[in-house]
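Given next are the chains, with one letter for each unit.
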Amino acid sequence: MNASPNDQKKLLDVADLDARLRQAERRRTHPPQAARIAELGAERATRSQELSAATGARDDVKTELQRLESDVSMAEARRDRNAERLAASSNAKDAQALEAELVSLGRRLSELEDAELIVMERLEQADADVDAARALLDQLADEGTALSAASVVAVADAATLIEALQRDRAALALALPAELVALYDKLSTRGVGAALLQRKACQGCNMELSGTDLQQIRQASNDAVVQCPECSCILVRTEESGL
Ligand SMILES: [Zn+2]
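Residues numbered from 1 in each chain as written. Predicted model: local features only at pLDDT ≥ 70, side-chain atom pairs only at ≥ 80, totals over all residues.

Partitioning the protein into structural domains gives domain 1 (5-24 + 177-241) and domain 2 (27-174). For domain 1 and domain 2, the distance between their C-alpha centres works out to 65 Å. In this assembly, 9 residues from domain 1 lie in contact with 11 residues from domain 2. A per-element tally of the side of domain 1 that touches domain 2 places helix α1 (residues 5-29) first, with 8 residues. The residue inventory of the side of domain 1 that touches domain 2, partitioned by class, reads 5 nonpolar, 1 polar and 3 charged. (Domains from an automatic or database assignment. Contact = placed C-beta atoms within 7 Å. Helix = DSSP H or I, 4+ residues; strand = E, 2+ residues; numbered from the N terminus. Nonpolar A, V, L, I, M, F, W, Y, C, P; charged D, E, K, R; others polar.)

Set out below in structure tokens:
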């Protein structure tokens, strides 16, 4: 196949646009935020479990406190009843027994109230743990919302860029011989369609051409379309080719 050296050089611009199109397509289907968004999903699942665990632990402490409070009320009611009975009692023996029970009830109440204080402190800590777990989860949700919004913008930007690149490529390809573009397109479905021959090496596959291959290329006419013996891409020759 023959094509003017100028048209062949323009294939490098087509190849460059194609490379940029592939990059933009990759950004459209895999926006940079996607990895972190996926990570956040897993992290949120873990943190949700932690929140459930913290809430469960807090509820247990609450139940414990309620039990203590009810024990305190019962002991207080009993103490008040005994005190009334003591005030009304005229029997010395009964009075002695009631007094002894009042002393023991007083001790029991004091123990219960001490225990109540300790459990109240634990409840405060358990509440703080629940709040911290919830705050962490909220923070992850906020990060996820922001990233999703940024991802939507990135995808839209990539789509806009793709449209512009496709327009440029179509215009460029239209100005070139159809046969040359067809060969390029066929080659580029398998790899690089066209690359510069630079300092005796194909820039498509980075292989240096052998002396024999270079000799053949030197002998070819300027408008002959030559291909890389290694990767088959169209080799574009310029003054940088080292021929
Ligand atoms: Zn090559």
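Running from N to C, α1 and helix α3 (residues 92-174) cross one another at 160 degrees; their axes reach a closest spacing of 9 Å. When the axis of α1 is compared with that of α3, the two are roughly antiparallel. Two packed elements cross with a definite hand, and for α1 against α3 that hand is left-handed. Of the residues in α3, those touching α1 at Lys10, Asp13, Val14, Leu17, Arg20, Leu21, Ala24, Glu25, Arg27 and Arg28 are Ala154, Val155, Ala158, Ala159, Leu161, Ile162, Leu165, Gln166, Asp168, Arg169, Leu172 and Ala173. Of the residues assigned to the contact of α1 with α3, the class counts are 13 nonpolar, 1 polar and 8 charged. (Axes fitted to C-alpha atoms, helices over the stretch in contact; angles between N-to-C directions. Parallel < 35°, antiparallel > 145°, perpendicular 65-115°, else oblique. Left-handed = near helix turned anticlockwise from the far one by under 90°.)

As a further point, take the sheet that holds strand β2 (residues 201-202). Pairing in this open sheet of 4 strands is mixed, and the strands run β2-β1-β4-β3 from one edge to the other. Each edge of the sheet is formed by a strand with only one pairing partner; in this case those strands are β2 and β3 (226-227). (Pairing = 2+ DSSP bridges.)

Attention shifts here to unusual backbone geometry. Even without being glycine, Arg199 reaches a positive phi, approximately 45 degrees. With respect to the helices, strands and loops of the structure, Arg199 is situated in the loop between β1 (194-198) and β2. In this model, Ser232 sits at a positive phi of 70 degrees, which is unusual for a non-glycine residue. By secondary structure assignment, the location of Ser232 is in the loop between β3 and β4 (234-237).

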